[in-house]
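One letter stands for each residue in the lines below.
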Amino acid sequence: MPMAAKEIETMIKAAIPDAQVEITDLAGDGDHYAARVVSETFRGIPRVQQQRRVYDALGGRMGGVLHALQLTTACPQ
Amino acid sequence: MTDDPQSRIDSTVKTNDVVLFMKGTPLFPQCGFSSRAVSILEHLGVEYASIDVLQDQGVRQGIKEYSDWPTIPQLYVKGEFVGGSDIMMEMYESGELAQLLQDQGVVTAQ
């Protein structure tokens, strides 16, 4: 069962409260998403750690029910 | 050589300068993310070892524990986990990936 975009956004925001989350449904099938997550908490930490925090927020769904999530993380400008 | 996937992964990562764990092969990638990772390495003209996780269930699961990273592809340079395809693309576009390979003494065509 694929995840809804809103559900992805809610889970990320629950774990990273200041996050600005933009989700794009790439294929229009509710299964292939791109997410851009911007948070002040990412400042000064390596990209791998930034993305791990987002994966952690998704509670193990990444690589499972969520196969295709293109992920970009950044700090606010 | 032991059959333990963690030891096999560790030995692969440490005996090759650049290793890509992927789904499929560079000629026939079985997933869009793996395909993108291959394209980046081909553009950089770097020699790399590729491991098809679809051929080995132990490695397919084990690599996620090895790096504490839930998805494939995964790129390693000189034994260090660099990232998945999104991080590879960001680093490629910013020139950081070419710089990292150069800093690590890995030969590229550029």
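Here is a short report on the structure shown in this document. (Residues numbered from 1 in each chain as written. Chains lettered and ligands numbered in written order. Predicted model: local features only at pLDDT ≥ 70, side-chain atom pairs only at ≥ 80, totals over all residues.)

Here's the deal with the interface of chain B and chain A
Note the following rule: Whether two residues are in contact depends on their C-beta atoms, placed from the backbone: they are in contact if these lie within 7 Å. Secondary structure elements follow DSSP: runs of H or I of four or more residues count as helices, runs of E of two or more count as strands, with numbering from the N terminus. Throughout, the ten residues Ala, Val, Leu, Ile, Met, Phe, Trp, Tyr, Cys and Pro are labelled nonpolar, Asp, Glu, Lys and Arg are labelled charged, and all others, Gly among them, are labelled polar.
Contacts between the two partners involve eight residues from chain B and, on the opposite side, nine residues from chain A. For the side of chain B that touches chain A, the secondary-structure elements that each account for two or more residues are β4 (80-83) and α4 (85-94) of chain B. Examining the composition of the side of chain B that touches chain A, we find that three residues originate from one element, α4(B), more than from any other. A breakdown of the residues in the side of chain B that touches chain A according to their chemical character gives three nonpolar, two polar and three charged.

Some details on the sheet that holds strand β1 (residues 20-25) of chain A
As a general point, the strands of a sheet are linked pairwise by backbone hydrogen bonds and lie either parallel or antiparallel. Residues and elements named next belong to chain A. The line we're drawing: Any two strands between which DSSP finds at least two bridges are classified as paired. To obtain each axis, a line is fitted to C-alpha atoms, and for helices this fit is confined to the stretch in contact; angles are then taken between N-to-C directions over 0 to 180 degrees.
One open sheet holds the three strands; their spatial order is β1-β2-β3, and the pairing between them is mixed. One side of each edge strand has no neighbouring strand; the edge strands of this open sheet are β1 and β3 (68-74). Averaged over all pairs of adjacent strands, the angle between their axes in this sheet comes to 15°, without regard to strand direction. In this sheet, strand β2 (residues 32-38) lies alongside β1 in antiparallel orientation, the contact comprising six bridges.

Things to note about the environment of B:Asp4
Residue and element names in this part refer to chain B. Definition in use: Burial is judged by counting the other C-beta atoms within 10 Å of a residue's own C-beta: 20 or more makes it buried, 12 or fewer makes it exposed, and any count in between marks it as partly exposed, with every C-beta position built from the backbone.
If you trace the backbone, Asp4 turns up in the segment before α1 (5-15). What makes Asp4 exposed here is the crowd of 11 C-beta atoms within 10 Å. Put simply, Asp4 and Gly58 are 54 residues apart on the chain and 8.2 Å apart in space, counted from C-alpha to C-alpha.

Some points on α4(B)
Buried within α4(B) are the following residues: B:Ser85, B:Asp86, B:Ile87 and B:Met88. Buried positions along α4(B) lie against α2 (47-57) and β3 of chain A together with α2 (32-44), β3 (74-77), β4 and α5 (96-103) of chain B.

Concerning the sheet that holds strand β2 (residues 49-52) of chain B
Residues and elements named next belong to chain B. Pairing is mixed in the open sheet, where four strands are placed in the order β2-β1-β3-β4. Strand pairing shows two members of the sheet lacking a second neighbour, β2 and β4, which therefore form its edges. Averaged over all pairs of adjacent strands, the angle between their axes in this sheet comes to 25°, without regard to strand direction.

Side note on the packing of α1(B) against helix α3 (residues 57-67) of chain B
Residues and elements named next belong to chain B. Short version of the rule: Roughly parallel covers angles under 35 degrees, roughly antiparallel covers those over 145, roughly perpendicular covers 65 to 115, and oblique covers all other angles.
Two elements in contact, α1 and α3, have axes separated by 9 Å at closest approach and are oriented at 70°. By the angle between their directions, the pair α1 and α3 is classed as roughly perpendicular. Taken together, the residues of α3 that come into contact with α1 (itself represented by Pro5, Gln6, Arg8 and Ile9) are Gly58, Val59, Gly62, Ile63 and Tyr66. When its residues are assigned to classes, the contact of α1 with α3 shows five nonpolar, three polar and one charged.

Looking at the environment of A:Arg43
Within the element layout of this structure, A:Arg43 appears in the loop between β2 and α2. With 33 residues separating them in the primary sequence, A:Arg43 and A:Pro76 have C-alpha atoms 8.5 Å apart.

A word on the nonpolar core
As a reminder, the rule being used: By convention the nonpolar core is taken to be a set of buried residues drawn from Ala, Val, Leu, Ile, Met, Phe, Trp, Tyr and Cys and joined through C-beta atoms within 7 Å.
Counting 25 residues, the largest nonpolar core has B:Val19, B:Leu20, B:Phe21, B:Met22, B:Ala37, B:Val53 and B:Leu75 as the members making the most contacts within it. Going through the elements one at a time, α1, β1 (18-22), α2, α3, β3, α4 and α5 of chain B are the ones with two or more residues in this core. Top contributing element to this core by residue count: β1(B), with five residues. When residues no more than four places from it in sequence are discounted, the contact partners of B:Ala37 are B:Leu20, B:Met22, B:Pro73, B:Leu75, B:Ser85 and B:Met88. If you look at the next biggest cluster of nonpolar residues, it comprises 15 residues, including A:Ile8, A:Ile12, A:Ala57 and A:Leu71.

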